[in-house]
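Okay, here's what each chain looks like letter by letter:
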Amino acid sequence: MKLQHHTAFSLVISGILFMIFKSWGIAIASFVSGVFIDLDHVADYIREYGWSLNIKKFFRVFHNGCFNKVILLLHGWEWLLLWTALAWFTSWNLWITGILIGLTQHLILDTYYNAPTPLTYSIVWRMRRGFDLFATFQGKPFKHLRTA
Ligand SMILES: [Zn+2]
């Protein structure tokens, strides 16, 4: 799913959360985590292409899946377990719950649009496949690259 779609969806979710809880905290936390989880793509880009970050090249690389490996450190169901435990231990603090909601909706959307299986967004599952792009995403959403 593209950044603009995550931004739009996160805005809607945050608006709904604000209407329900009358809290800027949960709304902001949900929006920020729902969008900026994708910053781990920058880390993958730097790992494969070095520090010469060119925004235009970054988005071309990102959208065409020009990676050998995809670590995606923040894209992991494992983080949701941690944030759920943290939310529970803090009696569902609105900031922490907002982060949990933002991460959850982002991973669900990425799974639906990008992943061949929900396991793709398990860090452990990807690690067991060496973080290889095609072993983890099995070509989806980069099927057009296989025929090239
Ligand atoms: Zn994502």
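Our subject in this report is the structure included herewith. Keep in mind it's a predicted model, so treat the numbers as computed, not measured.

**With respect to the overall build of the protein chain**
A count of helical and extended segments in the protein chain gives 9 helices and 0 strands. Counted from the first residue to the last, the protein chain has its helices and strands arranged as α-α-α-α-α-α-α-α-α. The globule rule puts the C-alpha radius of gyration for 148 residues at 15 Å, and the 16 Å found for the protein chain is close to it. Relative to its 148 residues, the protein chain shows a buried fraction of 40%. Across the protein chain, the fraction of contacts at a sequence separation of at least 24, relative to all contacts at a separation of at least 6, is 62%. Entry remark: accessible area of the protein chain is about 8,500 Å², with carbon and sulfur atoms responsible for 72%. Each charge class in the protein chain was averaged separately, 13 positive and 7 negative side chains, and the resulting centres sit 6 Å apart.

**Some thoughts on the coordination of the zinc ion**
With distances of 2.0 to 2.2 Å, the protein atoms coordinating the zinc ion are D38 (OD), H75 (NE2), H106 (NE2) and D110 (OD). Note that the zinc ion binds 4 donor atoms; their angles at the metal cover 87 to 176°, and the shape is irregular. Along the chain, the residues that donate to the zinc ion are spaced as D-x36-H-x30-H-x3-D. Taken as a pair, H75 in the loop between α4 (55–64) and α5 (77–89) and D110 in helix α6 (residues 94–114) lie far apart in primary sequence, 35 residues in all. The residues H75 and D110 share a single accessibility class, namely buried.

**Overview of the nonpolar core**
Judged by nonpolar contacts, the single largest core of 19 residues is most densely connected at Y45, V70, Y121 and F137. Those elements that place two or more of their residues in this core are α3 (40–49), α4, α5, α6 and α8 (133–137). Discounting chain neighbours no more than four positions away, the residues touching V70 are D44, R47, R126, F131, L133, T136 and F137.

**Focus: the side chain of S33**
Positionally, S33 belongs in helix α2 (residues 24–36). Classification of S33 as buried rests on a relative accessible area of 10%. Side-chain polar atoms of S33 contact the backbone oxygen of I99, separated by 3.2 Å. For S33, the residues in contact, after removing those within four places along its chain, are G98, I99, G102 and L103.

**Topic: α4**
Within the sequence span of α4, burial applies to F58, V61 and F62. Down the axis of α4, the smallest arc covering the buried residues is 100°, so these residues share one side. Looking at the buried side of α4, the elements it contacts are α3. N-cap assignment for α4: the residue whose side-chain oxygen lies 3.0 Å from the backbone N of K56 is N54. Among the residues trailing α4, G65 stands out with phi positive, at a value near 65°.

Conventions used here
- Residues numbered from 1 in each chain as written.
- Predicted model: local features only at pLDDT ≥ 70, side-chain atom pairs only at ≥ 80, totals over all residues.
- Heavy atoms only, no water.
- Helix = DSSP H or I, 4+ residues; strand = E, 2+ residues; numbered from the N terminus.
- Rg over C-alpha atoms; globule rule 2.2 N^0.38 Å.
- Buried < 20%, exposed > 50% of the residue type's maximum accessible area, 1.4 Å probe, protein only.
- Contact = heavy atoms within 4.5 Å.
- Areas by Shrake-Rupley, 256 points an atom, 1.4 Å probe, with all protein chains shown as cover.
- Lys, Arg positive; Asp, Glu negative; His and termini not counted.
- Charge placed at Lys NZ, Arg CZ, Asp CG, Glu CD.
- Donors = N, O, S within 2.8 Å, 3.2 Å for Na, K, Ca; no water.
- Tetrahedral: all angles 85-135°; square planar, octahedral: opposite > 155°, others 65-115°.
- Core = buried A, V, L, I, M, F, W, Y, C linked by side-chain atoms within 4.5 Å.
- Polar contact = N/O pair within 3.5 Å; in protein donor to acceptor, adjacent residues only side chain to side chain.
- Arc of directions from axis to C-beta.

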